[in-house]
Amino acid sequence: MKKKNQTLYLVSVIFLGLRAKFISLLSKIIMNRELGVEAMGLFSLVNPFIVLLISLSNLSLPSAIATLISKNPKKDKLILISGFSIFTILSIGLMLLTFLCDNLIATSILKNKDAIYCIRASLIMIPLTGLSAIIKGYFLGKGEISLTSSSQTYEEAGRLLFIILIVMIYKNSIIPIKASFAVYSLAFGEIFQISYMVFFSSINKQNIIPFFKRHLMESRNEIRPLLNISIPLTLSRLVGSITYFFEPIIFTRIMLNNGSTLQNLTIEYGILSSYVMPLLFMPSFISVAFGNYLLPNMGNLVSSSKHKDALHLLFKITIICLFIGLFISIFFLIFGKILLQFLYGTTLGFEYLKILCFPFIIYYIETPIISSLNIYDLSKKSFISTLISSLIRLVLMVPLVKYFGVLGISFATIIGVIIDISLNLFFLFFFFKRNKIKIID
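Predicted, not measured: the structure shown is a model, and the values here were computed from it. (Residues numbered from 1 in each chain as written. Predicted model: local features only at pLDDT ≥ 70, side-chain atom pairs only at ≥ 80, totals over all residues. Heavy atoms only, no water.)

Remarks on the overall build of the chain
A tally of helices and strands in the chain yields 16 helices and zero strands. Relative to a compact globule of 441 residues, whose C-alpha radius of gyration would be 22 Å, the chain shows 22 Å and is just as compact. Once the C-alpha set of the chain is aligned to its principal axes, its extents read approximately 60 × 50 × 40 Å. Counting the 441 residues in the chain, one finds 50% classified as buried. Considering only residue pairs separated by 6 or more positions, the chain has 82% of its internal contacts joining residues 24 or more positions apart. For the chain, the exposed area adds up to about 21,800 Å²; of that, 68% sits on carbon and sulfur atoms. With 39 positive and 19 negative side-chain charges, the chain shows a separation of 6 Å between the mean positions of the two kinds. (Helix = DSSP H or I, 4+ residues; strand = E, 2+ residues; numbered from the N terminus. Rg over C-alpha atoms; globule rule 2.2 N^0.38 Å. Buried < 20%, exposed > 50% of the residue type's maximum accessible area, 1.4 Å probe, protein only. Contact = heavy atoms within 4.5 Å. Areas by Shrake-Rupley, 256 points an atom, 1.4 Å probe, with all protein chains shown as cover. Lys, Arg positive; Asp, Glu negative; His and termini not counted. Charge placed at Lys NZ, Arg CZ, Asp CG, Glu CD.)

Thoughts on the packing of helix α14 (residues 366–375) against helix α16 (residues 407–434)
Between α14 and α16, whose axes approach to 10 Å, the crossing angle comes to 30°. Considering the angle they form, α14 stands roughly parallel to α16. At the point where α14 passes α16, the crossing takes the left-handed sense. Where α14 abuts α16, its residues E366, I369, I370, S372 and L373 lie against V417, D420, I421, N424, L425 and L428. Considered class by class, the residues forming the contact of α14 with α16 number seven nonpolar, two polar and two charged. (Axes fitted to C-alpha atoms, helices over the stretch in contact; angles between N-to-C directions. Parallel < 35°, antiparallel > 145°, perpendicular 65-115°, else oblique. Left-handed = near helix turned anticlockwise from the far one by under 90°. Nonpolar A, V, L, I, M, F, W, Y, C, P; charged D, E, K, R; others polar.)

Describing a nonpolar patch on the surface
A surface patch of nonpolar side chains, amounting to about 1,000 Å² of accessible area, comprises F315, I319, F323, L326, I330, F331, L333, I334, F335, I338 and F358. Relative to the assigned elements, L333 resides in helix α12 (residues 307–344). Overall, L333 belongs to the partly exposed group, its relative accessible area being 34%. (Patch = residues over 30% accessible without salt bridge, like charges linked within 9 Å, V, L, I, M, F, W, Y side chains within 5 Å. Salt bridge = Lys/Arg side-chain N within 4 Å of Asp/Glu carboxyl O.)

A look at the packing of aromatic side chains
Within this structure, the stated rule accounts for 19 aromatic pairs. Between the aromatic rings of F281 and F360, the centroid separation amounts to 5.3 Å while the plane-to-plane angle is 75°, which identifies the pairing as edge-to-face. With F281 in helix α10 (residues 262–281) and F360 in the loop between α13 (350–356) and α14, this residue pair connects regions lying 79 residues apart in the sequence. Here F360 falls in the buried class, since its relative accessible area comes to 4%. Between F404 and F411, the ring centres sit 5.3 Å apart and the planes meet at 85°, which makes this aromatic pair edge-to-face. For F404, a relative accessible area of 47% translates into the label partly exposed. Counting every residue linked through ring pairs, the aromatic cluster contains F162, F181, F188 and F192. (Phe/Tyr/Trp six-rings, centres within 6.5 Å; stacked < 30°, edge-to-face > 60°.)

Remarks on the pattern of salt bridges
Under the definition given, this model contains four salt bridges. Between R120 and D102 there is a salt bridge; the shortest N-O distance is 2.9 Å. Taken as a pair, R120 in helix α4 (residues 116–121) and D102 in helix α3 (residues 76–109) lie far apart in primary sequence, 18 residues in all. You can call R120 partly exposed: its relative accessible area is 48%. Between E351 and K354 there is a salt bridge, with the nearest N and O atoms lying 3.5 Å from each other.

Focus on the side chain of S230
Of note, S230 is situated in helix α9 (residues 223–257). Look at S230 and you get buried, because its relative accessible area is 0%. Every residue in contact with S230, bar those within four places of it in the chain, is listed here: L59, S60, L61 and A64.

Digging into the nonpolar core
Within soluble globular proteins, side chains that are nonpolar tend to cluster in buried spots. Membership of the largest hydrophobic core comes to 66 residues, with the highest contact counts inside it found for L280, M298 and Y376. A per-element tally of this core places α12 first, with 12 residues. (Core = buried A, V, L, I, M, F, W, Y, C linked by side-chain atoms within 4.5 Å.)

Side note on unusual backbone geometry
For residues other than glycine, phi is negative in most cases, and the peptide bonds are mostly trans. Even without being a glycine, S60 presents a positive backbone phi close to 55°. Residues other than glycine seldom take positive phi values, yet D377 does so here, at roughly 55°. Secondary-structure assignment places D377 in the loop between α14 and α15 (379–404).

Here's the deal with the state of the cysteines
By the definition in use, this model includes zero disulfides. The thiol of C118 is unpaired, and the distance to the nearest cysteine sulfur, on C101, comes to 17 Å. (Disulfide = S-S within 2.5 Å.)

So, in structure tokens, the structure goes:
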């Protein structure tokens, strides 16, 4: 692909991501208004459990499948079949476990018996997110990034349609039922996404089932390579989720010991976690788009032993991400107050946004670098980096929160990202040195 075409292609992918983000924001605004504070509060209570289910059900298979297919294009369908085998066993096990423990999770863990409606609604999410992950990974590996990017728009459009048709009609239902509608909207979005990817792809649908039957046993050889990539990635996400779980606990204890009132620290933490951080993370779809672009293209170069070209592509993507991050930071600095007012109806948190927007530039290069480690089969090293950086982040939170208050959480997060990126780059270049791979002539 020529450089001009590459640039246009990347711009189109970013635009598709931006469009999906806009529809997602619109659907969230409408859902919040139609369901009400109590129903959304109940959904928010169950949401961490749903996020955990989604992480376990897809098992980071999109990245794993995309990585293997990009490096072994001739085995694409065998890798796809092995992904389906993992997905089937995993989905049945998770659905059965969730169904048997739904009352225990609601009453003993979440301490709210009404949460059982959302938990039961999440059962349908398990197979749908897993299936979506496998199909998305397949097309990413084949280099059909525009298809997977467009599918996100259809996913968000499906959620919006569900909210308009169902939530508005049954908005007078009891609170637990209305909260479960938020979960069903996620499932409806996944159905739209899967349908779009299947029906609008170039894959020959008629030959899929016969091919599955003929090569099911042969595909077993691809299960281990898939798990070698997907399990460390999933563990990395779980480590991140656990450390973020401890974040408010550490912050609350330190601030109370410093003499702050519970009401004040709750307000400060709410401003940071509900207004500022979501805004800083909002453009993350850009780095994800570049990471998705990197997977098939860098994978093809690595499979052809063109390591110098692969590293040059990584360097180019990293520089572009840094420049985009710089532009977004300047935008937040100038228009942050207007943006906060438009999105949340308040300018609270603008001072935090001004302080954090430029240090957060480093966050934009994390995803492409992690993608490069997956391509070189260094997912286990990526897990080690995540574990070390997450633990350091928790340790640093204690002195930083003590001296900087709520901003200490963000400073610890930024330092954690820097450590994670540094360790990942160290592992990558150490791999080149150990395997005597020349990246400079």
